[in-house]
Amino acid sequence: MAGMSSKRLQKELAKIQGTLPPGISLVSAENLREWQMDLSIPDNPIYPPEEKYRLRFQFSPSYPIEAPEVVFLSLANPERKIPLHPHIYTNGIICLDLLDSQGWSPVHNVESICISIQSMLAGNTKAERPPGDAEFVRSNRQRPRDINFLYHDPTV
């Protein structure tokens, strides 16, 4: 399975080192296990257009059969904040069905995940964290893809 994962990631990396949609950029992909991407969000006053948000992708040897682990990172230099959104926790964990085992499909890739997250942020109308954010961040010990989120609010 690891051979399939490496081939797929090499193919994806070659593609995203070329042209990406506006507001999505590759920051680093020093190996085939962890990549970082920056997103900017156009046309939403909640997210200033000059701000960028950093995503970390971690790939298992079972990728693309298994979803990558994708979280937002908070950095001091360059400054990257965790975007304010009802489905994004202050520790960077994203509640998005395509990132868990039930919603994932091997047809997804790094670019399609970035587009989905960018779209989720672009359509957001609520500058708030998920209910129970502080308790979740304090007590969660699971990997993001192993969390059994309840997807109940498609309006944000």
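No experiment lies behind these values; they were computed from the predicted model shown.

## Topic: the overall build of the protein chain
Step number 1: Within the protein chain, the secondary structure is distributed over three helices and four strands.
Step number 2: Reading the protein chain from its N terminus to its C terminus gives the helix and strand order α-β-β-β-β-α-α.
Step number 3: When contacts within the protein chain are restricted to residue pairs at least 6 apart in sequence, those whose partners lie at least 24 apart make up 62%.
Step number 4: As displayed, the protein chain offers around 8200 Å² of accessible surface, 53% of which is attributable to carbon and sulfur atoms.

## Focus: helix H2 (residues 110–122)
Step number 1: Over its 13 residues, H2 runs 18 Å from end to end, which matches the ideal 18 Å to within 8%, given 1.5 Å per residue.
Step number 2: Among the residues of H2, those classed as buried are Val110, Glu111, Ser112, Ile113, Cys114, Ile117, Gln118, Met120 and Leu121.
Step number 3: At the N-terminal end of H2, a side-chain oxygen is found 3.0 Å from the backbone nitrogen of glutamate 111, two or three residues along, and the residue is asparagine 109.

## A short note on the nonpolar core
Step number 1: Residues Leu55, Phe57, Phe72, Ile94 and Ile117 are the most contacted members of the largest nonpolar core, which totals 31 residues.
Step number 2: The set of elements that each furnish at least two residues to this core consists of helix H1 (2–16), strand E2 (34–39), strand E3 (53–58), strand E4 (69–73) and H2.
Step number 3: The leading source of residues in this core is H2, at six residues.
Step number 4: Sequence-distant contacts of phenylalanine 57, defined by excluding residues within four places in its chain, comprise Arg33, Glu34, Trp35, Met37, Pro68, Glu69, Val70, Val110, Ile113 and Cys114.
Step number 5: Counting six residues, the second-largest nonpolar core is a separate cluster that includes Val71, Tyr89, Ile93 and Cys95.

## Things to note about the pairing of E3
Step number 1: Where E2 meets E3, six bridges bridge the pair, whose relative direction is antiparallel. Considered in E3, the bridge of tryptophan 35 is made with phenylalanine 57.
Step number 2: Inspection of the sheet shows E3 paired to E4 by five bridges, in the antiparallel sense. Paired with arginine 56 across the two strands is valine 71, which belongs to E4.

## Focus: the pattern of salt bridges
Step number 1: Inspection of the entire model under this criterion finds six salt bridges.
Step number 2: The salt bridge partner of aspartate 38 is arginine 54, with a shortest N-O separation of 2.5 Å. Taken together, the residues span a long stretch of sequence, with aspartate 38 in strand E2 and arginine 54 in strand E3 at a distance of 16 residues.
Step number 3: Judged by relative accessible area, which is 4%, aspartate 38 ranks as buried.

## Description of the side chain of histidine 85
Step number 1: Inspection of the secondary structure puts histidine 85 in the loop between E4 and H2.
Step number 2: Under the relative-accessibility criterion, histidine 85 is labelled buried at 0%.
Step number 3: From its side chain, histidine 85 meets the backbone nitrogen of histidine 87 in a polar contact 2.8 Å long.

The rules behind these values
Residues numbered from 1 in each chain as written. Predicted model: local features only at pLDDT ≥ 70, side-chain atom pairs only at ≥ 80, totals over all residues. Heavy atoms only, no water. Helix = DSSP H or I, 4+ residues; strand = E, 2+ residues; numbered from the N terminus. Contact = heavy atoms within 4.5 Å. Areas by Shrake-Rupley, 256 points an atom, 1.4 Å probe, with all protein chains shown as cover. Expected span 1.5 Å × (residues − 1). Buried < 20%, exposed > 50% of the residue type's maximum accessible area, 1.4 Å probe, protein only. Polar contact = N/O pair within 3.5 Å; in protein donor to acceptor, adjacent residues only side chain to side chain. Core = buried A, V, L, I, M, F, W, Y, C linked by side-chain atoms within 4.5 Å. Pairing = 2+ DSSP bridges. Salt bridge = Lys/Arg side-chain N within 4 Å of Asp/Glu carboxyl O.

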